[in-house]
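A structural walkthrough
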Amino acid sequence: MKDLKYLAALTIPISAFISIYFKGYLSFFTPFYAFVIIPVLEILLPHDTSNLEGEKLEQKSKSKIFDWMLYLNIPIVFGFVFYSLWDITTHAYALYEIIGLVFSVGIVLGVNGINVAHELGHRQLTFERYLGKLLLLPSFYMHFYIEHNFGHHLHAATKEDPATARLNQSVYSFWFTSTLRQYLSAWKIQGKLLRADGLSFFSIKNDMVYYTLFQLSFLTLVFLFFGQLGVLFAVGSGIIGFLLLETVNYIEHYGLIRFKKPSGRYERVRECHSWNSNHVIGRIVLYELTRHSDHHYKSSKKYQTLDYHDISPQMPFGYPTSMVISFIPPLWFYIMNPRVPKEMKLNVNDFSLV
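The rules behind the values
Residues numbered from 1 in each chain as written. Predicted model: local features only at pLDDT ≥ 70, side-chain atom pairs only at ≥ 80, totals over all residues. Heavy atoms only, no water. UniProt positions renumbered as here; feature names shortened; annotations may be inferred. Helix = DSSP H or I, 4+ residues; strand = E, 2+ residues; numbered from the N terminus. Rg over C-alpha atoms; globule rule 2.2 N^0.38 Å. Buried < 20%, exposed > 50% of the residue type's maximum accessible area, 1.4 Å probe, protein only. Areas by Shrake-Rupley, 256 points an atom, 1.4 Å probe, with all protein chains shown as cover. Lys, Arg positive; Asp, Glu negative; His and termini not counted. Charge placed at Lys NZ, Arg CZ, Asp CG, Glu CD. Axes fitted to C-alpha atoms, helices over the stretch in contact; angles between N-to-C directions. Parallel < 35°, antiparallel > 145°, perpendicular 65-115°, else oblique. Left-handed = near helix turned anticlockwise from the far one by under 90°. Contact = heavy atoms within 4.5 Å. Nonpolar A, V, L, I, M, F, W, Y, C, P; charged D, E, K, R; others polar. Patch = residues over 30% accessible without salt bridge, like charges linked within 9 Å, V, L, I, M, F, W, Y side chains within 5 Å. Salt bridge = Lys/Arg side-chain N within 4 Å of Asp/Glu carboxyl O. Core = buried A, V, L, I, M, F, W, Y, C linked by side-chain atoms within 4.5 Å.

Labelled according to an unreviewed UniProt entry, the protein appears under the name Alkane 1-monooxygenase, originating from Croceitalea vernalis. Quoted straight from UniProt, the Sequence similarities (unreviewed entry) entry for the protein says "Belongs to the fatty acid desaturase type 1 family. AlkB subfamily." In its Subcellular location (unreviewed entry) section, UniProt records this for the protein: "Cell inner membrane".

Dropping the structure here:
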């Protein structure tokens with residue numbers, strides 16, 4: 001039964017169901033649940049720094065139940081997308097109710113969509129990577145697969161990485177810089193991958209072109225079946241979904257940097273280059289994303305086997321709580337800046353050491 005603890009991630013879709021079913025002010029129940037109730041629970045419940053070892057580690061790494069808990073998110077995510085599109089376009093609702101549902105469905109797209117896509121995108125099985133890309137579709141972030149796997153994991157905690165926030169950069173500034181730079185980076189990486197195989201931009205193996213066509217086709221289908229309001233709702237919830245991802249990106253590496261060796265190459269990514277959190281609620285709701293230090297250290301490890309490392313910089317709160325704090329930049333800087341290792345403190349403008 002302990003293995004089923006990750007079903008707690010489905011409390012996000014359940015909260016969205018409450019928003020969709022009851023409407024009214026409860027349209028905003030999902031953001032209230034995600035950014036008020038969960039942070040309170042994180043503060044009240046203890047940390048868990050234990051790691052799996054020996055036979056238990058081997059057993060859990062091979063158990064399929066952890067994979068099926070990920071797969072379950074696919075019908076849930078797309079079910080919510082299409083049901084909410086049908087609902088808002090066949091019934092008359094107040095503008096504030098629609099806005100609430102945009103946020104509620106968008107949070108589902110971020111937590112149960114992009115976050116699960118991130119886990120599946122690192123898998124070795126091709127069909128799991130395809131499932132991951134599928135989950136990125138309703139958030140219009142399919143390029144994330146290329147940039148994250150071939151860019152971020154190579155450049156994390158360096159100035160070359162769009163998804164690493166510099167010291168004293170606000171989350172709102174980061175939304176713009178990271179979103180734009182990651183998209184452009186994905187095209188550049190795709191070009192390099194094609195050239196490495198001796199292929200041109202117009203090759204049928206140009207995945208970025210496919211991603212663009214898939215996302216445009218998705219919006220076209222939404223327009224044909226649900227009209228202009230459906231398109232606005234789909235775009236709005238998709239934006240909330242990927243901004244949720246970018247907020248997580250912001251807190252994961254904020255202010256951390258790898259040093260360059262005399263050869264000009266950066267040191268290897270280590271456990272000290274990502275912020276870690278052992279707060280229980282955030283861990284299980286986000287499929288252990290909060291043990292991000294170990295994920296970067298060994299990205300091939302499945303979420304249920306990620307470890308805690310003593311040398312990893314620790315966040316004072318869980319990821320959900322930290323995301324809320326990041327929305328208030330002065331408070332975020334006050335709490336987090338002193339925790340950034342002195343040797344890693346950066347120049348705000350150019351990432352040079354001070």
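**Describing the overall build of the protein**
Assigned secondary structure in the protein consists of 14 helices and zero strands. Start at the N end of the protein and walk to the C end: the helices and strands fall as α-α-α-α-α-α-α-α-α-α-α-α-α-α. For 354 residues, the compact-globule formula gives about 20 Å, and the C-alpha radius of gyration of the protein, at 20 Å, lands near that figure. Projected onto the principal axes, the alpha-carbon positions of the protein cover approximately 65 × 55 × 45 Å. For the protein, with 354 residues in total, the buried portion stands at 55%. Of the roughly 16400 Å² of accessible surface on the protein, 67% is carried by carbon and sulfur atoms. Distance between charge centres in the protein, computed from 31 positive and 26 negative side chains, equals 5 Å.

**Brief notes about the packing of helix 5 (residues 73-90) against helix 7 (residues 126-136)**
Two elements in contact, helix 5 and helix 7, have axes whose closest approach is 10 Å; the angle formed by their N-to-C orientations is 20 degrees. The orientation of helix 5 with respect to helix 7, classified from their angle, is roughly parallel. As for the relative orientation of helix 5 and helix 7, their crossing is left-handed in sense. Where helix 5 abuts helix 7, its residues Asn-73, Ile-74, Val-77 and Phe-78 lie against Leu-131, Leu-134 and Leu-135. For the contact of helix 5 with helix 7, a count of residues per class yields six nonpolar, one polar and no charged.

**A closer look at the side chain of Gln-215**
Topologically, Gln-215 is positioned in helix 10 (residues 207-253). Under the relative-accessibility criterion, Gln-215 is labelled buried at 13%.

**Concerning the UniProt feature "domain: Fatty acid desaturase" (unreviewed entry) in the protein**
Following the UniProt record, one finds the feature "domain: Fatty acid desaturase" (unreviewed entry) at residues 101-318. Across residues 101-318, helical content stands at 59% and strand content at 0%; the span's end C-alpha atoms are separated by 25 Å.

**So, the UniProt feature "transmembrane region" (unreviewed entry) in the protein**
According to UniProt, the "transmembrane region" (unreviewed entry) feature falls on residues 7-22, 65-86, 98-118, 208-226, 231-251 and 317-335. The span residues 98-118 carries 100% helix and 0% strand; its end-to-end C-alpha distance comes to 28 Å.

**A closer look at a nonpolar patch on the surface**
On the surface, a cluster of nonpolar side chains totalling about 510 Å² of accessible area is made up of Phe-32, Val-36, Val-40, Leu-41, Leu-44 and Leu-45. Take Phe-32: its relative accessible area is 43%, and that puts it in the partly exposed class.

**Notes on the nonpolar core**
By size, the foremost hydrophobic cluster in this structure holds 86 residues, and its most contacted members are Ile-12, Leu-135, Phe-233, Tyr-250, Tyr-254, Val-285 and Trp-332. Here the element with the most residues in this core is helix 10; it accounts for 16 residues. If we skip the residues at most four places from it in the chain, Val-285 touches Ala-8, Ala-9, Ile-12, Ile-38 and Val-111.

**A word on a positive patch on the surface**
Among the surface-exposed residues, Arg-181, Lys-188, Lys-192 and Arg-195 lie close enough to one another that they form a single positively charged patch. Relative to the assigned elements, Lys-188 resides in helix 9 (residues 171-196). Given a relative accessible area of 59%, Lys-188 falls into the exposed group.

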